[in-house]
Amino acid sequence: MKFDVAVIGSGMSGLMASIYLAERGVSTAVVSRGNPICSISSGCIDIAGSGPDTLKAIDSFPGEHPYHKVGKEALLESIEYFQELMSKHGLEYDGDSRKNRSILTPIGKRRVTSLVPFTMKAAETADGDAFHIISFKDIKDFFPSYLTGRFPDAQVSVFDAGTHTTVGIATKMDNDDFLVSFVNWIREQEIARDKIAIPAILGITKTREIHDRLERDTGRTFFEIPTLPPSIPGLRLYRSLRKIAEGKGVSFFSSAEISDFGKERKKILGLTIKKPGRPDYVDAEAFILATGSFVSGGLFSDRNKFSETVFDIPVHSPAGEELFNEDFFKLGHPIEKSGIRVNDRFIPEDSEFENLFAAGSILAHSETMKYGCGHGMAISTGVAAAKHAEEYIR
Amino acid sequence: MIKTDVIIIGGGATGTGVARDLALRGIDHCLIEKKDLAAGATGACHGLLHSGGRYAVEDRESAVECIQENAILRRIGSKCVEQTEGLFVRLPGDTEEYRDLFLEGCHEAGIETELLNSSQALELVPNLNPNTTEAVKVPDASIDPFRLCMLNVESSKNSGGRVFTHHEVVDIVTHKGRCAGVRARDEFTSEIEEIQGKVIVNATGAWGDQIATMAGQEVQMSLSKGSLIIANHRLANMVLNRLRPAANGDIIVPNETVSLAGTTSIRVDNPENLCVEDSEISEIRSEAARMLPDFDGVRLVRSYTGVRPLLKAKDPSGGDRAITRGFRVVDHKNGLFSILGGKLTTYRLMAEKLTDAVMDHFGISVPCTTAELPLEGQEALSGYPISKRLRELEDMMCECELVPSSKVRQVIEEAGTRNISDIQHRTRLGMGPCQGGFCTYRALGLMQETGRMNPEEALDALRSFLQRRYKGTRSLLWGNQLREEQLVEGIYLSLLGMAEHEV
Ligand SMILES: Cc1cc2nc3c(=O)[nH]c(=O)nc-3n(C[C@H](O)[C@H](O)[C@H](O)COP(=O)(O)OP(=O)(O)OC[C@H]3O[C@@H](n4cnc5c(N)ncnc54)[C@H](O)[C@@H]3O)c2cc1C
Ligand SMILES: Cc1cc2nc3c(=O)[nH]c(=O)nc-3n(C[C@H](O)[C@H](O)[C@H](O)COP(=O)(O)OP(=O)(O)OC[C@H]3O[C@@H](n4cnc5c(N)ncnc54)[C@H](O)[C@@H]3O)c2cc1C
């Protein structure tokens, strides 16, 4: 099969790149091996730093950080683009990408992020902002005591959903009869507060409906607390982006093991995807490498030797440093600086190819956790790489 | 102030074994451990219930002790011993002479052997090195040292014995030149507890000389550090040893869902603050892979190290591997008794000999029954076959080791525990491939829901668990283990918000 652009990896960067291209009439394929990190993430979009101002934080990032190649203007534009797409799809993201805010985590700590899905919009902000907690009987990944320790005024009501996992409960919420019984139960509870915190289980597909109905029928404001993976808000984010991409005509090759690729001089010609029987061939004019860091399998470490897993292009690695900090809680292991170095057009610097672009957490010096730039960096570099790929094929 | 007849210092296999023995002989006692049960060499060991084969050539006396104790422990501790059997594998380059010495040694020590040709050996362990020349089958087994200590303590508690964990003996109180008690510091509150006793038993293994010194005595020991690595799969169902003189990395022991390979032997002066060297890991891995090639690609989930408390060599020229694994009971004649050397496999015998000496001292004659009576409390722990656990999958708190929430809840409620390692040792929670990455948050959540801990304690416990866990995996972070680590860091540092931010 022949495409204009083949994107490898279906994470935030790969999906955003493919949507951007497909909207411009570029025929696009996404080839990926497994589910991306965004599908297990909090669903919130981290942009930069942990202070109040994201752009200020970026000023303090080291010169090699990919954000400096994107530029602030383009960063803000790409995030706005993301917000528009999601709104049209019915999963609004709330917030201003220039600012940070904090949301409550399941252990009662605060997590800094920038944009949140509408289900977390009401997340308590200042201390003393009183709320009630609704939990579920024997739920596996949510323990209200972690929260009530910090917020002693919070009362807890526990609903028996008949299942213990977040995915199980969220799936039930998508069912009307179940939702009705849940709403009726809430109305019987004594709840002194206007705000209700709830683990993130407000449905997987009908979240908007469920959320609005709960607020309407109970007269309260709800906010979700994202739980451990499998995390429902992450799942919603991933599914929505995929739906959007499919809607715009992107072809997906999932569970795809890339066993080989064809090249001619400075060009990559196509990918061979292993399949029982005859393999699939995906040919394209340009390729975007968005396969993520070690955790997703885009990079691989064999003790001290690092490799890139699709084209085996050279991986930058921090020289002469210990790769790991001594302290678990200190952010930024030196190893996280490693990755693919790109030029201003997002073409890997040390590779021989002219039609290969790279984006997302595979980029060297992105250090997404240390710099609090996870999805934001993936979105903006994804769009940037897509622009350069489009320019290249025109 | 607490008064008792015998104070036991050290909550390893030896100390808890002494507690059980005293309990069964009706002697009032109290056990003091500075950390947790099995926190010393016992919990850091390979978990091999030796048949004695390893010592059959070089250390006949230990070999005899091992095979006798092996049979006893299989009988009395069926729920903490897995009867895997073991092979001594001869690879190209391992000599026939050693094989003959081995067979002869085993025969004389009373260890049953069966010589297998290459295809018979491969039938038992299909992923064994296909170039295996031959193998000798012996009655090795796999033993869970944490459970063992817990069960020993069970008998002690049932007879009214008291156990103080997280209490470090900082001083021995003497009166007219004789030991009269100890002072122990509570790890959490730093309060000092004074306990009076007629006899003090020093069962602190590698720390033995520190305790003896507190009583104005000295004991001579050699401390030998050994390291182990854990692979995330149960790669073989039998214990595997190399059929050659003991060397680094020549034993692989299956333990529930994982495999342990080791060890090394490095002389140290101090039992504290040891770490695993990169070179040890490489050596153990490559040696293990010679017997079991699958060890090469497998994901290593943890490495750790412990110190063997060995008797001082009479002839120091042979190196630590040549030192006898035998043991000695020392009556310091001032109310202090030390038990030195030995190994996990022979802990019961060591406890018996020591308790005999204490009984002599008291002038009471009650025979030892620890070899006849099954360990108490095994019913509660066991009856937990994999098939049953699989049925409770929806409710799994620990997906790697298949531990359901109901089981954890039961342990928390019945044992009244306030401590995460207690749960781990009773249920194996967090001992599998993700090393507690997911389930520890859950177990601590449950601990709060049941009122055992307040949130501050739970967060402290979570922090120290994560720090310890990281220390155990830090030197193994490549391949898939690195992926797991990035995931766990994403969860705790980012999703739960536990990181310390700079930017
Ligand atoms: C546990 C965790 C939670 C996080 N939570 C958040 C959060 O809440 N908010 C936030 O902003 N950031 C979060 N981050 C950071 C953020 O998720 C990532 O930095 C960002 O989303 C990465 O996106 P990506 O596009 O680079 O690729 P990834 O999401 O890493 O996806 C890579 C894709 O490439 C595929 N792939 C990899 N190798 C191959 C191959 N050889 N062949 C074919 N396909 C391949 C993978 O299967 C996957 O589909 C989190 C990170 C972690 C680890
Ligand atoms: C790497 C390695 C692998 C091994 N593998 C095997 C094997 O497979 N099979 C086998 O049979 N043997 C094995 N051994 C040997 C075996 O582990 C030990 O011989 C045995 O566990 C010793 O038990 P113990 O109770 O005497 O000592 P320990 O388990 O070390 O117990 C001593 C206890 O005393 C406590 N303590 C110290 N100071 C104080 C104080 N001041 N106050 C209170 N408490 C104190 C310590 O915290 C510790 O818990 C191995 C040893 C090592 C190091």
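Quick caveat, the model's predicted, so the values are computed rather than measured.

Conventions and cut-offs
- Residue positions are counted from 1 within each chain, in the order its sequence is given.
- Key to labels: chains lettered from A, ligands numbered from 1, both in the order written.
- Local features are withheld for residues below a pLDDT of 70 in this predicted model, meaning they are given only at 70 or higher, and side-chain atom pairs are given and counted only at 80 or more; totals for whole chains, interfaces and linings count all residues.
- Remark: hydrogens and water are excluded; side-chain values derive from all non-hydrogen atoms of the structure.
- By definition, two strands form a pair when at least two bridges between them are found by DSSP.
- Elements are defined by DSSP. Helices are runs of H or I of four residues or more, strands are runs of E of two residues or more, and each kind is numbered from the N terminus.
- A single heavy atom is enough: if one lies within 4 Å of a molecule or strand, its residue is considered near that molecule or strand.
- Here a polar contact means two N or O atoms within 3.5 Å. Within protein one must be a hydrogen donor candidate and the other an acceptor candidate, and residues neighboring in sequence count only if both atoms are side-chain atoms.
- Values of accessible area rely on a 1.4 Å probe in the Shrake-Rupley scheme; residue burial ignores everything except the protein chains shown.
- As annotated, the domain borders come from an automatic or database domain assignment.
- Here, two residues are considered to be in contact whenever any of their heavy atoms come within 4.5 Å of each other.
- As a working definition, buried area equals the accessible area (1.4 Å probe) given up by two parts on being put together, with both sides summed.
- The salt bridge definition used is simple: a Lys or Arg side-chain nitrogen within 4 Å of an Asp or Glu carboxyl oxygen.
- Three residue categories are used. Nonpolar comprises Ala, Val, Leu, Ile, Met, Phe, Trp, Tyr, Cys and Pro, charged comprises Asp, Glu, Lys and Arg, and polar comprises the others, including Gly.
- Only protein atoms enter the 1 Å grid, on which a cavity is a set of points fitting a 1.4 Å probe that cannot get out and a pocket is an open set with protein on both sides within 12 Å along at least 5 of 7 lines, lining residues being those with an atom within 4 Å of a point.
- Grid points are joined across faces, edges and corners, and a volume is the space filled by probe spheres set on the points.
- For every residue, the accessible area obtained with a 1.4 Å probe (protein chains only) is divided by the maximum for its type, and the residue is called buried under 20%, exposed over 50%, and partly exposed between those limits.
- Only the stretch in contact is used when a helix axis is fitted, and all axes are lines through C-alpha atoms; the angle between N-to-C directions ranges over 0 to 180 degrees.
- Under this rule, positive means Lys or Arg and negative means Asp or Glu; His and the chain ends count for nothing.

What follows covers the sheet that holds strand 3 (residues 48–49) of chain B. Residue and element names in this part refer to chain B. Read across the sheet, three strands follow the order 3-8-4 without closing on themselves; strand pairing throughout is antiparallel. Across the chains shown, the open sheet's two edge strands, defined by having one partner strand only, are strand 3 and strand 4 (81–82). Pairing of strand 3 with strand 8 (residues 141–143) involves two bridges; the strand directions are antiparallel. For leucine 49, the partnering residue across the bridge sits in strand 8 and is alanine 141.

With that out of the way, let us pick up the site of ligand 1. Taken together, 36 residues are adjacent to ligand 1, and Ser13, Ser42, Ser296, Ser361 and His375 of chain A come closest. One finds residues of chains A and B in close proximity to ligand 1. One nitrogen or oxygen atom from the side chain of serine 10 of chain A is found 3.3 Å from an oxygen atom belonging to ligand 1. At 2.5 Å from an oxygen atom of ligand 1 is found a side-chain nitrogen or oxygen belonging to serine 13 of chain A. Sorting the residues of the shell around ligand 1 by element identifies helix 1 (12–23) and helix 11 (374–393) of chain A together with helix 15 (479–495) of chain B as the ones contributing at least two each. Considering each element in turn, the shell around ligand 1 owes the most residues, five residues, to helix 15 of chain B.

Another point: the pairing of strand 13 (residues 267–274) of chain A. All names here are of chain A. For strand 12 (residues 257–264) and strand 13, the ladder comprises seven bridges, and the chain directions are antiparallel. The residue of strand 13 that forms the bridge with glutamate 257 is lysine 274. Connecting strand 12 to the next strand, strand 13, in antiparallel fashion are two residues, including arginine 265 with a positive phi near 45°. When strand 13 meets strand 14 (residues 280–289), the two strands line up antiparallel, connected through four bridges. Of the residues in strand 14, the one forming a bridge with leucine 271 is valine 282.

This paragraph deals with the site of ligand 2. Residue and element names in this part refer to chain B. Around ligand 2 sit 36 residues in total, of which Thr14, Glu33, Thr42, Leu48 and Thr345 are the nearest. Backbone polar atom of glycine 342 to an oxygen atom of ligand 2: 3.5 Å apart, as the coordinates give it. Between ligand 2 and the protein, one listed contact pairs an oxygen atom with a backbone N or O atom of leucine 344 at 3.1 Å. Taking 1,000 Å² as the accessible area of ligand 2 by itself, protein coverage stands at 97%. Sorting the residues of the shell around ligand 2 by element identifies helix 1 (13–24), strand 10 (167–175) and strand 18 (300–311) as the ones contributing at least two each. Sort the elements by how many residues they give to the shell around ligand 2 and strand 18 lands first, with four residues.

Before going further, it helps to spend a moment on the domain arrangement of chain A. Size of an interface, as often reported, equals the accessible area lost when the parts are brought together. Residue and element names in this part refer to chain A. What the domain assignment reports for chain A is domain 1 (2–93 + 235–393) and domain 2 (116–225). Between domain 1 and domain 2, the residue contacts involve ten residues of the former and 13 residues of the latter. Counting the surface lost from both domain 1 and domain 2, the interface buries some 860 Å², and carbon and sulfur atoms represent 58% of this. The interface formed by domain 1 and domain 2 contains two salt bridges. Along the contact surface separating domain 1 from domain 2 lie six residue pairs in polar contact (both at pLDDT 80 or more). Tallying contributions element by element places helix 9 (residues 232–247) first for the side of domain 1 that touches domain 2, with three residues. By residue class, the composition of the side of domain 1 that touches domain 2 is four nonpolar, three polar and three charged.

Turning our attention to empty space enclosed by the protein. Residues and elements named next belong to chain B. In total, this model carries two cavities of 30 Å³ or more according to the counting rule given. In this structure, the largest cavity occupies an estimated 40 Å³ of space. Forming the boundary of the largest cavity are Asp36, Leu37, Ala38, Phe146, Cys149, Met150, Asp422 and His425. The set of elements that each furnish at least two residues to the lining of the largest cavity consists of helix 5 (145–158) and helix 12 (420–427). No other element matches helix 5, which puts three residues into the lining of the largest cavity. Here the lining of the largest cavity is composed, by residue class, of five nonpolar, one polar and two charged. Computed from the structure, the second largest cavity encloses a volume of approximately 30 Å³. For the lining of the second largest cavity, the residue count by class is three nonpolar, two polar and three charged.

Opposite charge on two side chains permits them to pair, given that their charged atoms come into close proximity. Residues and elements named next belong to chain B. Applying the stated rule across the entire model yields 46 salt bridges over all chains. Between glutamate 108 and arginine 60 there is a salt bridge; the shortest N-O distance is 2.8 Å. Placement of glutamate 108 in helix 3 (residues 96–109) and of arginine 60 in helix 2 (residues 60–76) is noted, with a sequence separation of 48 residues between them. Ionic pairing is found between arginine 242 and aspartate 94, a salt bridge with its closest N-O pair at 2.8 Å. You can see arginine 242 sitting in strand 14 (residues 239–242) and its partner aspartate 94 sitting in the loop between strand 5 (86–90) and helix 3, a full 148 residues away along the chain. Each member of the pair, arginine 242 together with aspartate 94, is buried. Through salt bridges with shared partners, a single ionic network connects Arg90, Glu96, Arg99, Asp100 and Glu134.

Moving on, we get to the sheet that holds strand 7 (residues 132–136) of chain A. Sheets are built from strands paired through backbone hydrogen bonds, the pairs being either parallel or antiparallel. Residues and elements named next belong to chain A. Taken together, the four strands give an open sheet; going across it, the order is 8-7-9-10, and neighbouring strands pair in parallel fashion. Both edges of this open sheet fall to strand 8 (156–159) and strand 10 (221–225), since each of them pairs with a single strand only. Along the sheet, successive strands turn relative to each other by an average axial angle of 25°, direction set aside. Pairing between strand 9 (residues 195–199) and strand 10: five bridges, direction parallel. Residue pairing across strands places isoleucine 198 opposite glutamate 224, the latter belonging to strand 10. Sitting on the sheet, helix 7 (residues 176–188) is in contact with strand 7, strand 8, strand 9 and strand 10, with an inclination near 150° to strand 8.

All names here are of chain B. Within the fold, lysine 343 resides in the loop between strand 20 (336–341) and helix 8 (347–362). The side chain of lysine 343 is buried and forms no salt bridge, while aspartate 59, the nearest opposite charge, is found at 8.2 Å. Polar contacts involving the side chain of lysine 343 include one to the side chain of tyrosine 55, which spans 2.7 Å. If sequence neighbours within four positions are ignored, lysine 343 has contacts with His50, Tyr55, Cys66, Arg325 and Met350.

The partner chain A presents 53 residues to the 50 residues of chain B that form the contact. Of the roughly 4,800 Å² buried where chain B meets chain A, counting both sides, 59% is carbon and sulfur surface. Linking chain B to chain A there are five salt bridges. Across the pair arginine 474 of chain B and glutamate 322 of chain A runs a salt bridge whose closest N-O atoms are separated by 3.3 Å. Our enumeration of links across chain B and chain A arrives at 18 residue pairs in polar contact (both at pLDDT 80 or more). Among the elements of the structure, helix 7 (278–291), helix 13 (439–449), helix 14 (455–473) and helix 15 of chain B are those that each provide at least two residues to the side of chain B that touches chain A. When residues of the side of chain B that touches chain A are assigned to their parent elements, the largest contribution, 14 residues, is made by helix 15 of chain B. Here the residues of the side of chain B that touches chain A are counted per class, giving 24 nonpolar, eleven polar and 15 charged.

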